[in-house]
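Next come the chains, spelled out residue by residue.
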Amino acid sequence: MAANKIWLLRLVPTFRFGRLLTGVLLASLLLPLFYLGSNEDPSDSAPALFFSLIIAYIIPVFSLITATSEEALEELRPILDLDEASFEETRSKLHSSSLLQTALCLAIGALCGFAHMSLIRGSVTATVQQMLSNMSDFMSTLGTLLVWMIMTTVITMLIRQTILFSRLGAEHVQISLPTTRRLLPFARVSIISSLAVIGALALFPLIGIESGLNLLESVPGAVAMLVPLVIMFITPVWPIHRRLSALKERELQAMNNRIDLCLSGRDTVELEDSELRQLTLLLTYRREINHVPTWPFDMGNITRLTLYLVIVPLTWAGAALIENLVDYLL
């Protein structure tokens, strides 16, 4: 089946600051669009700021994540047992999809968006009636559908990317315990893929700023993102973790056997100098192997992930404080 460049990536130019320009242009175009009808009842108005900013955020970030994943794949090239044709095919899968996959993502996103609006409005009939009754409800429905369609496409494509790295880690990457730092690109993919969902979740408090807090408006979307977040974080690194754990266990068992053979039931004071040197080397190597991590993360990756995760509670807490302050002042 023929594959084409993912349509969202076509919206982002490849020149320097192209992603920033795309985000600014999208926000500038979408804000006036979604603010149509804002002169009506504020409690029923569309969360224009949320719709505009989440779309303006997710498309450039998706482009950034895809580019970062391609860089990670290039870093892994020396330890992948792929020929050149297979490697190029793998690389193309990071930024392309078939028309059928694209259509399915858009259709599923549209259905989820309409179901979300029907949950908010009470029924499918009420959703259709209100959507056609005034501009505010129409823009609210349109924004919901667009967000669901775009986020469904982004999350689906990112899960595809993480599954691709998962297969590479399970079947094609060469691993050794003394050189686990070469596996850090897997952790980078895991963390950067999670960034898309974490950033989107941080924008959810914007829904309640303009129209008031309504859990039906925010909870379904947030829940729908949390499961993919876990999948995208675990999938790229899990096969590597399993292989490293099994290899470490075998290596430690082998070292223990060699140490036992070296001692042969004797105390260390009974060993010859050559045997003692050999035992020292074995004990040193076993200690080093015992400290080898079985997850392809380093302190920099863990710190970056922690900072990402802090963003969400901070934005939610900040939104709650602002809402309370506005209520107090008014």
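What this report covers is the structure whose coordinates are included nearby. (Residues numbered from 1 in each chain as written. Predicted model: local features only at pLDDT ≥ 70, side-chain atom pairs only at ≥ 80, totals over all residues. Heavy atoms only, no water.)

**Describing the nonpolar core**
Across soluble globular proteins, nonpolar side chains show a tendency to be buried alongside one another.
In step 1: Ranked by size, the top nonpolar core spans 74 residues in total, and within it Ile54, Phe165 and Met225 carry the most contacts.
In step 2: Beyond its immediate chain neighbours, meaning those up to four positions away, isoleucine 54 contacts Val147, Met151, Ala200, Leu203, Phe204 and Met225. (Core = buried A, V, L, I, M, F, W, Y, C linked by side-chain atoms within 4.5 Å. Buried < 20%, exposed > 50% of the residue type's maximum accessible area, 1.4 Å probe, protein only. Contact = heavy atoms within 4.5 Å.)

**A few points about a nonpolar patch on the surface**
In step 1: On the surface, Leu33, Leu36, Met135 and Phe138 cluster together into a nonpolar patch covering about 320 Å² of accessible area.
In step 2: Examined against the element boundaries, leucine 33 turns out to sit in helix H2 (residues 18-34). (Patch = residues over 30% accessible without salt bridge, like charges linked within 9 Å, V, L, I, M, F, W, Y side chains within 5 Å. Areas by Shrake-Rupley, 256 points an atom, 1.4 Å probe, with all protein chains shown as cover. Salt bridge = Lys/Arg side-chain N within 4 Å of Asp/Glu carboxyl O. Helix = DSSP H or I, 4+ residues; strand = E, 2+ residues; numbered from the N terminus.)

**Some words on helix H4 (residues 84-95)**
In step 1: When the terminal C-alpha atoms of H4 are compared, their 18 Å separation across 12 residues agrees well with the 16 Å that a helix rising 1.5 Å per residue should span.
In step 2: For H4, every residue scored as buried is listed here: Phe87, Thr90, Arg91 and Leu94. Within H4, the buried residues cover an arc of 100° as seen down the axis, which keeps them to one side.
In step 3: N-capping of H4 is provided by aspartate 83, with a side-chain oxygen placed 3.3 Å from the backbone N of alanine 85. (Expected span 1.5 Å × (residues − 1). Arc of directions from axis to C-beta. Polar contact = N/O pair within 3.5 Å; in protein donor to acceptor, adjacent residues only side chain to side chain.)

**Here we look at the packing of aromatic side chains**
In step 1: For the structure on display, the rule yields 6 aromatic pairs.
In step 2: Seen from their ring centres, phenylalanine 165 and phenylalanine 186 are 6.1 Å apart, and the 90° between their planes marks the pair as edge-to-face. In this pair, phenylalanine 165 sits in helix H7 (residues 135-172) while phenylalanine 186 sits in helix H8 (residues 184-203), placing the two residues 21 residues apart along the sequence. Across this residue pair, the class does not change: phenylalanine 165 and phenylalanine 186 are buried.
In step 3: In this structure, arginine 77 is placed above the aromatic ring of phenylalanine 87, and the distance from its NZ or CZ to the ring centre is 4.6 Å. (Phe/Tyr/Trp six-rings, centres within 6.5 Å; stacked < 30°, edge-to-face > 60°. Lys NZ or Arg CZ within 6 Å of the ring centre and 35° of its normal.)

**Observations concerning the side chain of glutamine 161**
In step 1: Following the sequence through the fold, glutamine 161 ends up in helix H7.
In step 2: Separated by 2.8 Å, the side chain of glutamine 161 and the backbone oxygen of leucine 94 make a polar contact.
In step 3: With residues up to four places along the chain from it excluded, the contact list for glutamine 161 reads Phe62, Ile65, Thr66, Ser69 and Leu94.

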